[in-house]
Amino acid sequence: MITVVIATRLREDRLDYLTAMHTSLTRQSVPWEAVIAIDGADPQRLPAPLAADPRVRTLALPRPVGAACARNLALNDVRTEYVNWADDDDEFTDDAMSVRLTTLESAGVGWCAGWSQDLHPDGSTTLWECPAPPGRHEAGDVWTYWKTPADTIPIGPTTILARTDLVRAAPMGGLVQGEDYMTAIGVTCLAPGILLPVPVYRYRKHPGQLTAQPGYDQLESAAREHAWQYGRSLRSALQNHQPKPTFGDRPLEPAAGVPV
């Protein structure tokens with residue numbers, strides 16, 4: 001039913017985290033598989049629990065290409081109806097897949113997301129409620145909760161379980177960081193979905209995470225600006241090119257005095 005796509009360079013400081021991510025997947029109650037895009041690293045370094053799990057498939061890239069490209073190339077190997085992006089140092093909550101899959105199947109929407117938690121080194125968690133409110137959102141509505149590029153993104157990219165065709169239509173953006181902002185905005189612009197008020201994903205806080213690296217802030221504002229403009233333009237293009245309702249072969253016109 002679900003494929004989890006993870007890009008990794010199999011860095012030594014992340015191998016235990018990747019194993020923990022896999023462990024969180026083994027606790028899911030619905031069928032899943034994972035595609036691990038190994039970004040230019042030696043595939044023999046894949047932790048033994050993942051290498052031994054038949055649900056885990058690998059895509060070994062011959063040279064480092066970066067997270068966005070590695071994730072998109074791994075998307076070619078997805079063969080399930082739904083897909084979820086994930087990072088190699090994070091975890092899913094135990095019911096993350098079941099609660100969102102049930103909602104997707106019953107509501108017939110294109111995506112379902114939840115809240116996330118920050119996972120601290122001592123094992124404690126802090127809940128993050130994204131700016132987009134819980135409930136159903138029509139296509140393009142999520143972007144409206146991202147008021148300016150400098151504001152917090154409206155929804156957590158890795159909290160989104162979505163139809164594979166939507167993710168292929170709005171994959172990772174061509175950025176060195178913030179590429180996941182674009183897929184989150186793209187997927188939610190292309191189809192209606194539901195945000196559940198429950199945590200489904202845990203972002204691990206540690207010194208090796210991307211956001212803690214020197215120089216991260218140098219490109220963050222530009223990445224946010226690009227993703228924000230993409231969302232505004234995509235939403236506008238989709239809304240402005242909706243076909244007008246017709247009666248027979250004539251377009252319906254509003255009655256006099258009725259606002260359009």
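Computed from a predicted model, the values in this text were never measured in an experiment.

Thresholds, definitions, all that
- Residues numbered from 1 in each chain as written.
- Predicted model: local features only at pLDDT ≥ 70, side-chain atom pairs only at ≥ 80, totals over all residues.
- Heavy atoms only, no water.
- Helix = DSSP H or I, 4+ residues; strand = E, 2+ residues; numbered from the N terminus.
- Rg over C-alpha atoms; globule rule 2.2 N^0.38 Å.
- Contact = heavy atoms within 4.5 Å.
- Salt bridge = Lys/Arg side-chain N within 4 Å of Asp/Glu carboxyl O.
- Buried < 20%, exposed > 50% of the residue type's maximum accessible area, 1.4 Å probe, protein only.
- Phe/Tyr/Trp six-rings, centres within 6.5 Å; stacked < 30°, edge-to-face > 60°.
- pLDDT = per-residue confidence, 0-100.
- Expected span 1.5 Å × (residues − 1).
- Core = buried A, V, L, I, M, F, W, Y, C linked by side-chain atoms within 4.5 Å.

(A) Spatial organisation of the overall build of the chain. When helices and strands are tallied, the chain shows 7 helices and 12 strands. Expected size for 260 residues packed as a compact globule is a radius of gyration near 18 Å; at 19 Å, the chain falls within 12% of this value. With the principal axes as the frame, the chain shows a C-alpha extent of 70 × 40 × 40 Å. Sequence separation of at least 24 residues holds for 77% of the intrachain contacts in the chain that already meet a minimum separation of 6.

(B) The pattern of salt bridges, seen in detail. Here the structure, examined in full by the defined rule, presents 16 salt bridges. The closest approach of N and O atoms between R45 and E12, which form a salt bridge, is 3.2 Å. Residue R45 is located in the loop between β2 (32-39) and α2 (48-51), and its partner E12 is located in the loop between β1 (2-8) and α1 (15-26); the two are separated by 33 residues in the primary sequence. A residue is classified by how much of its surface remains accessible, and R45, at 33% relative accessible area, is partly exposed. Under the relative-accessibility criterion, E12 is labelled exposed at 58%. Two residues, E220 and R224, come together in a salt bridge whose shortest N-O distance is 2.8 Å. Of this pair, E220 and R224 are both found in helix α7 (residues 216-240), 4 residues apart, which corresponds to roughly one turn of the helix. Residue classification places E220 among the buried positions, given a relative accessible area of 9%. What emerges from the salt-bridge pattern is a single network uniting R14, D88 and D89.

(C) Summary view of the environment of D95. Among the secondary structure elements, D95 is positioned in the loop between β5 (91-92) and α4 (96-107). Sequence separation between D95 and T80 is 15 residues; the distance between their C-alpha atoms is 19 Å.

(D) Fine view of the packing of aromatic side chains. Counted according to the given criterion, the structure contains 4 aromatic pairs. Here the aromatic rings of W146 and Y181 are separated by 6.3 Å at their centres, their planes lie at 80 degrees, and the arrangement is edge-to-face. Of the two residues, W146 sits in the loop between β8 (135-137) and β9 (161-163) while Y181 sits in helix α6 (residues 179-190), which places them 35 residues apart along the sequence.

(E) Broad picture of the confidence of the model for the chain. Within the chain, residue pLDDT values average 92, and 90% of them lie at 70 or more. Counting interchain partners and residues more than four positions distant, the pLDDT-below-50 stretch residues 252-260 has 4 contacts.

(F) Representation of α4 in the model. Spanning 12 residues, α4 covers 17 Å between terminal C-alpha atoms, matching the ideal 16 Å at 1.5 Å per step. Of the residues making up α4, those classed as buried are A96, M97, S98, R100, L101, T103 and L104. Remark: G108 follows α4 within two positions and exhibits a positive phi of approximately 70 degrees.

(G) Looking closely at the nonpolar core. Counting residues in hydrophobic clusters, the biggest one holds 31 residues, and the most contacted among them are I2, V4, L25, I36 and F92. Those elements giving two or more residues to this core turn out to be β1, α1, β2, β4 (82-87), α4 and β10 (193-204).

(H) Focus on unusual backbone geometry. At L10, a residue that is not glycine, the phi angle is positive and equals roughly 50 degrees. Tracing the backbone through its elements, the reader meets L10 in the loop between β1 and α1. A relative accessible area of 1% means that L10 is categorised as buried.

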